[in-house]
Amino acid sequence: MNIGTWLFTQFNGRKIGSDAAGNRYYEERRLRRGSPRKRRWVLYRGPVEASVVPPEWHSWLHYTTDKPLPETGRKPWQKPHLANLTGTPLGYRPPGHDYEGGHRARATGDYEAWTPS
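Small disclaimer: the values here were computed from a predicted structure and weren't measured.

What counts and how
Residues numbered from 1 in each chain as written. Predicted model: local features only at pLDDT ≥ 70, side-chain atom pairs only at ≥ 80, totals over all residues. Heavy atoms only, no water. Patch = residues over 30% accessible without salt bridge, like charges linked within 9 Å, V, L, I, M, F, W, Y side chains within 5 Å. Areas by Shrake-Rupley, 256 points an atom, 1.4 Å probe, with all protein chains shown as cover. Salt bridge = Lys/Arg side-chain N within 4 Å of Asp/Glu carboxyl O. Buried < 20%, exposed > 50% of the residue type's maximum accessible area, 1.4 Å probe, protein only. Phe/Tyr/Trp six-rings, centres within 6.5 Å; stacked < 30°, edge-to-face > 60°. Helix = DSSP H or I, 4+ residues; strand = E, 2+ residues; numbered from the N terminus. Contact = heavy atoms within 4.5 Å. Pairing = 2+ DSSP bridges. Axes fitted to C-alpha atoms, helices over the stretch in contact; angles between N-to-C directions.

*Asks:* Is there a simple way to think about a nonpolar patch on the surface in this case?
*Replies:* Side chains of Met1, Ile3, Trp6, Leu7 and Phe11 sit close together on the surface and give an oily, nonpolar patch of about 580 Å² of accessible area. Take leucine 7: its relative accessible area is 36%, and that puts it in the partly exposed class.

Here it is in structure tokens:
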């Protein structure tokens, strides 16, 4: 977090809550003149990465709900929230990817390579 965000949060922010990952969520104390709604923001615990915001808080940040959804309302079939790992060493890499050896299985008879005329 930079010093500007910290100062803005100290003077203008009202803490609404936090999530299981330790991210803290704020809303402006007063409505800005000419604005229809109060600003909302998140202070991330760890690196700034929007995909770590769970759905319960995402809906609140984007003004879909007036209050954050309860985190206890998950169904037994729902998986816990995971951050998007694309672009990191833990991201999915299909067989044949350069980082996975770079060798793909040969194409079967249902594929015909294009060749320019």
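From this point, things continue past the structure.
*Asks:* What's the story with the packing of aromatic side chains in this structure? I'm lost.
*Replies:* Taken as a whole, this structure holds four aromatic pairs when the rule is applied. Judged by centre distance (5.6 Å) and plane angle (85°), the rings of tryptophan 57 and tryptophan 60 are edge-to-face. Placement of both tryptophan 57 and tryptophan 60 in helix α2 (residues 55-61) is noted, with a separation of three residues, approximately one turn of the helix. We note that tryptophan 57, like tryptophan 60, is buried. Members of the aromatic cluster, joined through ring pairs, are Phe8, Tyr26 and Trp41.

*Asks:* How should the environment of valine 52 be read in this particular structure?
*Replies:* For valine 52, the position within the fold is in the loop between β3 (40-43) and α2. By relative accessible area, valine 52 is classed as partly exposed at 24%. Each C-alpha atom, one on valine 52 and one on alanine 20, is 10 Å from the other, the two residues being 32 residues apart in sequence. Here valine 52 is in contact with Asp19, Asn23, Tyr44, His81 and Ala83, once residues within four sequence places are set aside.

*Asks:* Which parts of the structure should I look at to understand the sheet that holds β3?
*Replies:* Sheet strands line up and pair through hydrogen bonds in the backbone, either parallel or antiparallel. Ordered by their spatial adjacency, three strands build an open sheet running β1-β2-β3, and the pairing between neighbours is antiparallel. Whereas interior strands pair on both sides, the edge strands pair on one side only; in this sheet they are β1 (13-18) and β3. Each adjacent strand pair in this sheet contributes to an overall mean axis angle of 30°, direction not counted. Pairing geometry for strand β2 (residues 24-28) and β3, over four bridges, is antiparallel. Paired with tyrosine 26 across the bridge in β3 is tryptophan 41.

Any link to function would need more than the numbers given here.
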